[in-house]
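Coordinates in review
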Amino acid sequence: MRYALRNRDKLKEAFGEPFYIELIKCLSRHFQSDSANDRCQIEGVSRPAIKVAGLSTGTTHIFVVLGQTYDVVRLAYYKTEKA
């Protein structure tokens, strides 16, 4: 399964290049594993979401699933939670 992350340039501007690179690494690792279809619902969000473990301990990146065409999942960054 593959992914397409929406608003890449805006993410780089808002959070910086290092954070964007972390998001890409985490997404790549997530979609290489077998758990790529583990969608969940988040309160206040009408679309399904994917929770991806961050590189640093205790962080989880949340992405909203905008749609899927064949094996490509379109994602939008939602937020990062820290435990």
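Anything mentioned here points back to the structure above.
Let me sum up the structure you'll find in this document. As the structure is a prediction and not an experimental result, all values here were calculated from the model.

Its location among the elements puts T59 in strand β4 (residues 59-69). Judged by its relative accessible area of 10%, T59 is buried. A polar contact of 2.9 Å, which involves the side chain of T59, links it to the backbone oxygen of S56.

Disulfide: a covalent bond connecting the sulfur atoms of a pair of cysteines. Counted according to the given criterion, the structure contains zero disulfides. As a non-bridged cysteine, C26 has C40 as the owner of its nearest cysteine sulfur, 16 Å distant. Taking the relative accessible area as the measure of exposure, C40 reaches 23% and is therefore partly exposed.

Reading the values: the criteria
- Residues numbered from 1 in each chain as written.
- Predicted model: local features only at pLDDT ≥ 70, side-chain atom pairs only at ≥ 80, totals over all residues.
- Heavy atoms only, no water.
- Helix = DSSP H or I, 4+ residues; strand = E, 2+ residues; numbered from the N terminus.
- Buried < 20%, exposed > 50% of the residue type's maximum accessible area, 1.4 Å probe, protein only.
- Polar contact = N/O pair within 3.5 Å; in protein donor to acceptor, adjacent residues only side chain to side chain.
- Disulfide = S-S within 2.5 Å.

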